[in-house]
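# Per-entry structural report
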Amino acid sequence: MDLFTDDDEINITDYEECDDEKEYIEKEEELDITELRKLVKIERRRANAACTELEKERAASATAAEETMAMILRLQNEKSLIEMEANQYRILAEKKQLHDQEVIRSLQWFVLRHSSERALLEDQLISCRRKLKHFGNNDEKEECEEFEEDYSSLNLSFEDAIENVLYSSLDINLLNEK
């Protein structure tokens, strides 16, 4: 007698098919796990590569920022040096201008003083001529006229010298400004 019937045979076949199916599923799951592990490894490599690239970019941007700050500091330093130099030149120019104005005032005073001395001497000369005409003769009159000509040429050359001093002082100022 058969212990197993046809129904039992189906059940065993079903059972064997279940085992095959389970093995297949297990193999598939193993393959899926292997595939997933490979995918995880690939993704980790990509993530590591991205992190490395990110670190490189961060380092590059940090270097660029440091260089930019160094350049900004250098430019600020140059700017302050130029401003200090400009202030020094401005102060020097103001001092020179004040000095030139003082020189001009002193020369004007000098010219005024000499003009007043000249006027005083001319008055004395006129007074002396009158006295000489009153007491002198014709020969002395000729000598007096020669003296007047010499004095007038001397007076003109003195005035020319004063004007040259004034012009040369102004020319020096103009040249220094250029």
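Scroll up a little and you will see the structure.
Not measured: the values here are computed from a predicted model.

Thresholds, definitions, all that
Residues numbered from 1 in each chain as written. Predicted model: local features only at pLDDT ≥ 70, side-chain atom pairs only at ≥ 80, totals over all residues. Heavy atoms only, no water. Salt bridge = Lys/Arg side-chain N within 4 Å of Asp/Glu carboxyl O. Helix = DSSP H or I, 4+ residues; strand = E, 2+ residues; numbered from the N terminus. Buried < 20%, exposed > 50% of the residue type's maximum accessible area, 1.4 Å probe, protein only. Patch = residues over 30% accessible without salt bridge, like charges linked within 9 Å, V, L, I, M, F, W, Y side chains within 5 Å. Areas by Shrake-Rupley, 256 points an atom, 1.4 Å probe, with all protein chains shown as cover. Lys, Arg positive; Asp, Glu negative; His and termini not counted. Charge placed at Lys NZ, Arg CZ, Asp CG, Glu CD.

### A short note on the pattern of salt bridges
Within the structure shown, the criterion is met by seven salt bridges. Between Glu-78 and Arg-74 there is a salt bridge, with its nearest N and O atoms 3.1 Å apart. Placement of the pair is Glu-78 and Arg-74 together in helix 1 (residues 6-135), with a separation of four residues, close to one helical turn. Relative accessible area serves as the criterion here: at 36%, Glu-78 is assigned to the partly exposed category. Of the charged contacts in the structure, one is a salt bridge between Lys-96 and Asp-100, with a shortest N-O distance of 3.7 Å. In this pair, Lys-96 and Asp-100 both sit in helix 1, four residues apart, roughly one turn of the helix.

### Describing a nonpolar patch on the surface
Taken together, the side chains of Leu-36, Leu-39 and Ile-42 define a hydrophobic patch exposed on the protein surface, amounting to about 270 Å² of accessible area. Tracing the backbone through its elements, the reader meets Leu-36 in helix 1.

### What about a positive patch on the surface?
On the surface, Arg-37, Lys-38, Lys-41 and Arg-45 cluster together to form a positively charged patch. With respect to the element layout, Lys-38 can be found in helix 1. Assessed through its relative accessible area of 47%, Lys-38 is described here as partly exposed.

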